[in-house]
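One letter stands for each residue in the lines below.
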Amino acid sequence: MNPPPASRLSRLPLWLSRWLGYRPSPPPKRPEYIVWFWSWVGAFCGLSVIMAVFGQAHYFIERNVPLLVASYGASAVLIYGAIEAPLAQPRALVGGHFLGALIGVCIMKLFHLLPTEERFDQLRWLSAALSCSTAIVVMQITDWMVLSARGAAIVGVGVGSRVAVEQRPEAVSRVLVYTSGTGCKQA
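Conventions adopted
Each chain carries its own residue numbering, running from 1 in the written order of its sequence. Owing to the predicted nature of the model, reporting of local features is limited to residues with pLDDT of at least 70; listing and counting of side-chain atom pairs is limited to 80 or more, with chain, interface and lining totals taken over all residues. Excluding hydrogens and water, the side-chain values take into account all heavy atoms of the structure. To qualify as a helix, a DSSP run of H or I must reach at least 4 residues; to qualify as a strand, a run of E must reach at least 2; elements of each kind are numbered from the N terminus. Accessible area is worked out with a 1.4 Å probe on protein chains only. A residue is then buried under 20% of its type maximum, exposed over 50%, and partly exposed in between. Two residues qualify as a contact provided that any one of their heavy atoms is within 4.5 Å of a heavy atom in the partner residue. Areas reported here follow the Shrake-Rupley algorithm with a probe of radius 1.4 Å; residue values treat only the protein chains shown as occluding. UniProt positions are given in the numbering used here, feature names are shortened, and annotations may be inferred rather than shown by experiment. Among the buried residues, those of types Ala, Val, Leu, Ile, Met, Phe, Trp, Tyr and Cys that are joined through side-chain atoms within 4.5 Å form a nonpolar core. Annotation comment: domain bounds sourced from an automatic or database domain assignment.

Under the annotation held in an unreviewed UniProt entry, the protein chain carries the name HPP transmembrane region domain-containing protein and is attributed to Bondarzewia mesenterica.

Rendered as structure tokens:
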């Protein structure tokens, strides 16, 4: 029998292959209480940083940016509570939210081509459904599926928030959530 072929990711630099999800061997199983502790610390740090930035920075205060968007909590559950899940990996988290936000903003811009703002408001439900369903398919195609990124697509068209996404890109804030807690999370 021939040994299984080595993954193409193993040829990349370690930091890059690890970011893409490659591990040369499975990590040892840690006691559950340690995982619970670090999940709490990571989620607390990540969400605290986001809320502190959006609550203290004049740029965000002047634009009435909310301290927290509901899908941040969903992202926190994935990246701190389900760390082994494919949906919680950095590639899917960052890429999926970027695509979701981009699709939401693009569809919002298309719907703003309607003759009046009133007509746009009447069809906001359609833009939200279109952006969410398109984001799902694009994330499936790119293999960057992450559950909470569909919320980024919906926020992108302005449903549930009057803050335009171009003032506060969702993908940037997701990176803040991820990076602020990874220093607290065990590798």
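Engineer: Describe the overall build of the protein chain, listing the residues and the values that go with them.
Structural biologist: In terms of regular secondary structure, the protein chain is built from 9 helices and 0 strands. Reading the protein chain from its N terminus to its C terminus gives the helix and strand order α-α-α-α-α-α-α-α-α. When burial is assessed residue by residue, the protein chain has 36% of its 187 residues classed as buried. Across the protein chain, contacts joining residues at least 24 apart in sequence account for 68% of those joining residues at least 6 apart. Of the accessible surface of the protein chain, which amounts to about 11000 Å², a share of 69% is contributed by carbon and sulfur atoms.

Engineer: Give me the lowdown on the UniProt feature "transmembrane region" (unreviewed entry) in the protein chain, citing residues and values where you can.
Structural biologist: Cross-referencing UniProt, the feature "transmembrane region" (unreviewed entry) maps to residues 33-53, 65-83 and 89-111 in the present numbering. Across residues 33-53, the secondary structure splits into 100% helix and 0% strand, with the terminal C-alpha atoms separated by 30 Å. The span residues 89-111 is 96% helix and 0% strand, and its two end C-alpha atoms sit 33 Å from each other.

Engineer: Account for the nonpolar core, with residues named and values stated.
Structural biologist: The nonpolar side chains of soluble globular proteins are, as a tendency, buried together. Among the nonpolar cores identified, the biggest contains 24 residues, and Phe54, Tyr72, Phe111, Ala135, Met139 and Val146 are the most heavily contacted of them. Secondary structure elements with two or more residues in this core: helix 2 (32-56), helix 4 (70-81), helix 5 (90-111), helix 7 (124-142) and helix 8 (149-156). A domain split of this core shows at least three residues from each of domain 1 (30-85) and domain 2 (89-145). Residues within four places of alanine 135 in sequence aside, it is in contact with Gly100, Ile103 and Ala153.

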